[in-house]
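If you want the building blocks of each chain, they are given just below.
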Amino acid sequence: MSDSTVQCWLVEREFGDRDFVTIVYATPDGSRYQQRQRSSTALRTGPDVTAATEIPEDDLEPVPDAETRERYANEVERTAERYDPDDPI
């Protein structure tokens with residue numbers, strides 16, 4: 001088990017029909033990601049969703065296809081240009 005973390009950037013936020021929001025953070029190259037689900041209540045009352053976050057390497061999943069990897073890498077670049085890592089978005 002690795003103790004190292006990777007700075008990942010918010011690349012996707014999807015509002016579902018069950019009062020849950022799916023949040024996806026990806027590595028700068030778009031090759032790995034972590035998906036989280038939070039209730040809309042937790043989004044309002046809990047910690048902010050920030051532009052970037054440190055994620056343990058062992059908690060990242062490989063992105064399965066080239067198209068998604070490219071989309072995530074482009075979103076990371078766009079988010080990083082517009083926000084500082086700790087900015088709530």
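Residues numbered from 1 in each chain as written. Predicted model: local features only at pLDDT ≥ 70, side-chain atom pairs only at ≥ 80, totals over all residues. Heavy atoms only, no water.

Draft legend 1. Representation of unusual backbone geometry within the structure. For Asp 19, which is not glycine, the phi torsion reads 65° and is therefore positive. Here Asp 19 shows up in the loop between β1 (5-15) and β2 (20-26). Residue class for Asp 19 comes out partly exposed when judged on its relative accessible area of 45%. (Helix = DSSP H or I, 4+ residues; strand = E, 2+ residues; numbered from the N terminus. Buried < 20%, exposed > 50% of the residue type's maximum accessible area, 1.4 Å probe, protein only.)

Draft legend 2. Structural context of the environment of Val 49. Position of Val 49 relative to the elements: it lies in the loop between α1 (40-45) and β4 (52-56). Distance from Val 49 to Arg 18, taken between C-alpha atoms, is 19 Å for residues 31 residues apart in sequence. Filtering out sequence-adjacent residues up to four positions away, Val 49 remains in contact with Leu 10, Arg 13, Ile 23, Tyr 25, Arg 38, Leu 43, Asp 87, Pro 88 and Ile 89. (Contact = heavy atoms within 4.5 Å.)

Draft legend 3. Focus on helix α2 (residues 66-82). A rise of 1.5 Å per residue sets the reference length of α2, with its 17 residues, at 24 Å; its end C-alpha atoms lie 25 Å apart and thus fit the reference within 8%. When we look at burial in α2, the residues that qualify are Thr 68, Tyr 72, Ala 73, Val 76 and Thr 79. Taken down its axis, α2 places every buried residue within 135° of arc, on the same side. In α2, the exposed positions angled more than 90 degrees off the buried face are occupied by Glu 67, Glu 70, Glu 81 and Arg 82. (Expected span 1.5 Å × (residues − 1). Arc of directions from axis to C-beta.)

Draft legend 4. Molecular detail of the environment of Thr 27. Within the secondary structure layout, Thr 27 lies in the loop between β2 and β3 (32-39). Thr 27 sits in the buried class, given a relative accessible area of 2%. Separated by 2.7 Å, the side chains of Thr 27 and Asp 29 make a polar contact. (Polar contact = N/O pair within 3.5 Å; in protein donor to acceptor, adjacent residues only side chain to side chain.)

Draft legend 5. Structural detail: the confidence of the model for the protein chain. Scored by pLDDT, the protein chain comes out at a mean of 92, with 98% of its residues at no less than 70. Per-element confidence in the protein chain is highest for strand β5 (residues 61-62), whose mean pLDDT is 98, and lowest for α1, whose mean pLDDT is 80. (pLDDT = per-residue confidence, 0-100.)

Draft legend 6. Representation of the packing of aromatic side chains within the structure. Enumeration over the complete set of coordinates arrives at 1 aromatic pair. Between the aromatic rings of Tyr 33 and Tyr 72, the centroid separation amounts to 6.3 Å while the plane-to-plane angle is 55°, which identifies the pairing as tilted. Here the residue Tyr 33 occupies a position in strand β3, and Tyr 72 occupies one in helix α2, the gap between them amounting to 39 residues. (Phe/Tyr/Trp six-rings, centres within 6.5 Å; stacked < 30°, edge-to-face > 60°.)

Draft legend 7. Layout of the side chain of Thr 27. At a separation of 3.3 Å, a polar atom in the side chain of Thr 27 contacts the main-chain amide nitrogen of Ser 31. If sequence neighbours within four positions are ignored, Thr 27 has contacts with Val 6, Gln 7, Cys 8, Arg 32, Leu 60 and Val 76.

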